[in-house]
Amino acid sequence: MVAGIACGKPLPGFVWGVSTSSYQIEGAVTEDGRRPSIWDVYCRQTGRIVNGDTGDVACDHYHRYREDVSLMHKLGVGAYRFSVAWPRVMPSGQGEANERGVEFYDRLIDTLLAANIEPWLCLYHWDLPQALGDRGGWTNRDCAAWFADYATLIGSRFGDRVKRFATFNEPSIFTLFGYCLGGQAPGISDLGSLLRAIHHVNLGHGAAIDRLRASVTGASLGAIHNCQPCRPATADPADSTAAKKLDAYWNGAFPDPQLRGVYPSLLADLIAPYQHPDDAAKICRSVDWFGLNHYSPVYVRAGDANPLGIAFGDAPPDVPRSDMGWPIEPTAFAQTLSDIHKRYNLPIYVLENGTASHDKIGTTGLVTDQPRIDYLRAYVGAMLEAIENGADVRGYFVWSLLDNFEWGSGYSQRFGLVYVDYPTQRRIPKTSFHWYAGLIEPTSKRTAAVVLNRTSN
Ligand code: FCB
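Rules used throughout
Residues numbered from 1 in each chain as written. Predicted model: local features only at pLDDT ≥ 70, side-chain atom pairs only at ≥ 80, totals over all residues. Heavy atoms only, no water. Helix = DSSP H or I, 4+ residues; strand = E, 2+ residues; numbered from the N terminus. Rg over C-alpha atoms; globule rule 2.2 N^0.38 Å. Buried < 20%, exposed > 50% of the residue type's maximum accessible area, 1.4 Å probe, protein only. Contact = heavy atoms within 4.5 Å. Areas by Shrake-Rupley, 256 points an atom, 1.4 Å probe, with all protein chains shown as cover. Core = buried A, V, L, I, M, F, W, Y, C linked by side-chain atoms within 4.5 Å. Axes fitted to C-alpha atoms, helices over the stretch in contact; angles between N-to-C directions. Parallel < 35°, antiparallel > 145°, perpendicular 65-115°, else oblique. Left-handed = near helix turned anticlockwise from the far one by under 90°. Nonpolar A, V, L, I, M, F, W, Y, C, P; charged D, E, K, R; others polar. Disulfide = S-S within 2.5 Å. Pairing = 2+ DSSP bridges. Near = heavy atom within 4 Å. Polar contact = N/O pair within 3.5 Å; in protein donor to acceptor, adjacent residues only side chain to side chain. Salt bridge = Lys/Arg side-chain N within 4 Å of Asp/Glu carboxyl O.

Chemist: What am I meant to see in the overall build of the protein chain here?
Modeler: Helix and strand content of the protein chain: 16 helices and 15 strands. Radius of gyration (C-alpha) of the protein chain: 21 Å, near the 23 Å computed for a compact globule of 457 residues. A principal-axis box enclosing the C-alpha atoms of the protein chain has dimensions of 60 × 55 × 45 Å. Looking at the protein chain as a whole, 58% of its 457 residues qualify as buried. Once local pairs closer than 6 in sequence are excluded, the contacts in the protein chain between residues at least 24 apart make up 77%. When the accessible surface of the protein chain is totalled, it reaches about 16800 Å², and 52% of it is carbon and sulfur.

Quick look at the structure:
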């Protein structure tokens, strides 16, 4: 082996997995009693999504979940992170459960367990029931209590078989883009709405943790944060100020109050008007791990197109980029892992990492996605270096199992290890699927080291 890197530490029990989310893969948006989410409504607004795409059919996972679990089994993953669609199991967001919706997740969970794949269930990956959106959604303080009741339903129905639960996926992203910067549902752009949403999501997190602890024996709980260094795009001091501001919202607004009991200093006074006396204690509940999603650093400029006064700039010209334009900087991933380890002192699970590329079916019928293999190899290598340097990382999940509905980009960006031919819904494992299967196979047999060879496929 040439220029390989080895993680000298044993990684017993290290979890290798893949992640997806409900709206991005399920489809079947009007079936078996599901009612609209804020994303169903947002997708129908002119100009919101590339090509006017929607999640109406997506990967048709609602009907094809058995095939998808069997793909995961072939891949050899030990865990699968998915989300439950709140509007499928509680169509109005409150009140009675929709039994047909609950039964879908029963079938999915049972199929995973039969394949020896551990289910990791995320309660909220952005698809808020529209009925709650109509009442202000996360800008309404009551939304925290609605979410807590939903958490009780999830814990009591699935907690006999599922032990790993995350409250929210990337609260900083859906609040920033959904309530201020634009580009995500519900499409609001207002600083006060953003601040209220941040605080109410934090309250919802704390309340849901309490409900899951009460309803699930042996629960292992956390939240999933997107942490990406926010760097000034130029040497202009205004860009540095903008980068610091974005860092507070993007990287601090959720993990700090949830795990340290305080908002970042740049936010504390702004949130104060919405804060009741005992809120900090309600938000800061004991959790078992830190869920990290990471893709790339963010380059920031000052700008005036939104109430935050920030804009997105370009990475330095020598930094490589993915087909989606995201910078590829694995050293920033290693640094982020070490920083989070030091700041929050919790076991870390990387619950999303991956890249988009313009994959195509070749003449031989194969989908060759060398850029994804290169990206994953570099990022897994960076993670192993961070582990060597002391970061307590316990698992790594690729985003994503399947090509899927990539929010504002619709189906124009492909993140999957498995290619989805949307007109036929045929699944074709890409070369990266086989690469990942080869990477994780030795550790699933609990050998002492993971070795990556950076020079070969
Ligand atoms: C993350 C989201 C996930 C997916 C990836 C590419 O921010 O959590 O749903 O869209 O980005």
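Chemist: I tried to follow the nonpolar core on my own but got confused; where do I start?
Modeler: The tendency in soluble globular proteins is for nonpolar side chains to be buried side by side. Among the nonpolar cores identified, the biggest contains 138 residues, and Trp-39, Trp-138, Met-383 and Tyr-436 are the most heavily contacted of them. Broken down by element, this core gets its largest block of residues, ten residues, from helix α15 (residues 370-388). Those residues in contact with Trp-39 that lie beyond four places of it in its chain are Tyr-23, Ile-49, Trp-126, Gly-183, Gln-184, Ala-185, Phe-405, Trp-407 and Gly-408. Residues Val-15, Trp-120, Ala-166 and Tyr-349 belong to the second largest nonpolar core, which totals ten residues.

Chemist: What exactly am I supposed to notice about helix α8 (residues 171-181) here?
Modeler: Within an α-helix, residues lying three or four positions from one another point in the same direction, as the helix has 3.6 residues per turn. Taking burial as the measure, the eleven residues of α8 include eleven buried ones, the bulk of the element. All buried positions along α8 are accounted for by Pro-171, Ser-172, Ile-173, Phe-174, Thr-175, Leu-176, Phe-177, Gly-178, Tyr-179, Cys-180 and Leu-181. Where α8 is buried, its residues contact β4 (118-124), β5 (164-169), α9 (191-215), β6 (220-226), α10 (237-252) and β10 (310-312). Backbone geometry just after α8 places Gly-182 at a positive phi near 90°.

Chemist: Help me out: how do you make sense of the packing of helix α7 (residues 142-158) against α9 in this one?
Modeler: Angle between the axes and distance between the axes are the two parameters that describe a pair of packed helices. Direction vectors running N to C along α7 and α9 enclose 30°, while the axes themselves pass 8 Å from each other. In terms of orientation, α7 and α9 fall into the roughly parallel class. For the pair α7 and α9, the crossing hand works out as right-handed. Residues Ala-144, Phe-147, Ala-148, Asp-149, Ala-151, Thr-152, Gly-155 and Ser-156 of α7 form the contact with α9, whose participating residues are His-200, Leu-203, Gly-204, Ala-207, Ala-208, Arg-211, Leu-212 and Ser-215. When grouped by side-chain class, the residues that make up the contact of α7 with α9 number eight nonpolar, six polar and two charged.

Chemist: Just checking my understanding: could you explain the state of the cysteines for this structure?
Modeler: Defined simply, a disulfide is a covalent bond joining two cysteines at their sulfur atoms. Inspection of every chain in the model, using the stated rule, returns zero disulfides. Of all cysteine sulfurs in the structure, the one in Cys-43 sits closest to Cys-59, which takes part in no disulfide; the separation is 14 Å. Given the relative accessible area of 0%, Cys-59 is considered buried. There is no disulfide at Cys-284, and the cysteine sulfur nearest it, in Cys-227, is 16 Å away.

Chemist: I tried to follow the sheet that holds strand β9 (residues 298-302) on my own but got confused; where do I start?
Modeler: To summarise the sheet geometry, strands pair through backbone hydrogen bonds and adopt either a parallel or an antiparallel arrangement. Pairing is mixed in the open sheet, where three strands are placed in the order β7-β9-β10. Strands with a single pairing partner mark the edges of an open sheet, and in this sheet they are β7 (230-232) and β10. When the angles between neighbouring strand axes are averaged without regard to direction, this sheet yields 45°.

Chemist: I tried to follow unusual backbone geometry on my own but got confused; where do I start?
Modeler: With the exception of glycine, most residues fall at negative phi, and the peptide bonds are largely trans. Here the residue pair Ala-185 and Pro-186 is connected by a cis peptide bond, since its omega of 10° sits within 30 degrees of zero. Cis geometry is found at the peptide bond from Trp-399 to Ser-400, where omega equals 15°. Note on placement: Ser-400 falls in the loop between β12 (393-399) and β13 (418-421). Residue Ala-28 is not a glycine yet carries a positive backbone phi of 50°. Along the chain, Ala-28 turns up in the loop between α1 (22-25) and α2 (38-43). Using a relative accessible area of 8% as the deciding quantity, one classes Ala-28 as buried. Despite not being glycine, Asp-60 shows a phi value in the positive range, around 55°.

Chemist: Honestly, the site of the ligand in this entry has me stumped. Any pointers?
Modeler: Taken together, Gln-24, His-125, Trp-126, Asn-169, Glu-170, Tyr-295, Glu-352, Trp-399, Glu-406, Trp-407 and Phe-415 are the residues near the ligand. The contact in question runs from an oxygen atom of the ligand to an N or O atom on the side chain of Asn-169, over 2.9 Å. For the ligand, an oxygen atom lies 3.0 Å from a polar atom in the side chain of Trp-407. Alone, the ligand offers 300 Å² of accessible surface; in the complex the protein occludes 95% of this.

Chemist: I would appreciate a short explanation of the sheet that holds strand β3 (residues 79-83) in the present structure.
Modeler: Strand order in the closed barrel formed by eight strands is β2-β3-β4-β5-β6-β8-β11-β12, with parallel pairing between adjacent strands. Averaged over all adjacent pairs, the angle separating strand axes in this sheet is 25°, with direction ignored. Relative to β12, strand β2 (residues 15-19) is paired through five bridges, and the arrangement is parallel. Looking at β12, one finds that Val-18 is bridged to Val-398. Together, β4, β5 and β6 form the strand contacts of α9, whose direction differs from that of β5 by roughly 170°. α15 rests against β2, β11 (348-352) and β12 of the sheet, and its axis sits at about 170° to β12.

Chemist: I would appreciate a short explanation of the side chain of Asn-98 in the present structure.
Modeler: With respect to the helices and strands, the residue Asn-98 is situated in the loop between α4 (86-89) and α5 (99-114). Accessibility expressed as a relative area gives 10% for Asn-98, which makes it buried. Residue contacts for Asn-98: discarding those within four places in its chain leaves Asp-32, Gly-33, Arg-34, Arg-88, Val-89 and Pro-91.

Chemist: Sorry if this is basic, but what is going on with the pattern of salt bridges here?
Modeler: It is possible for side chains bearing opposite charge to pair when their charged atoms get close. Enumeration over the complete set of coordinates arrives at 26 salt bridges. For Glu-26, the salt bridge is made with Arg-88, and the minimal N-O distance between the two is 2.8 Å. Of this pair, Glu-26 sits in the loop between α1 and α2 while Arg-88 sits in helix α4; the two residues are 62 residues apart in sequence, bridging distant segments of the chain. Assessed through its relative accessible area of 4%, Glu-26 is described here as buried. For Glu-99, the salt bridge identified is with Arg-157, shortest N-O distance 2.9 Å. Within this pair, whereas Glu-99 is found in helix α5, its partner Arg-157 is found in helix α7, the two being separated by 58 residues in sequence. The class for Glu-99 is partly exposed, based on a relative accessible area of 37%. Within this structure, Asp-359, Asp-369, Arg-372, Asp-403, Arg-414 and Lys-430 form a network of salt bridges that share partners.

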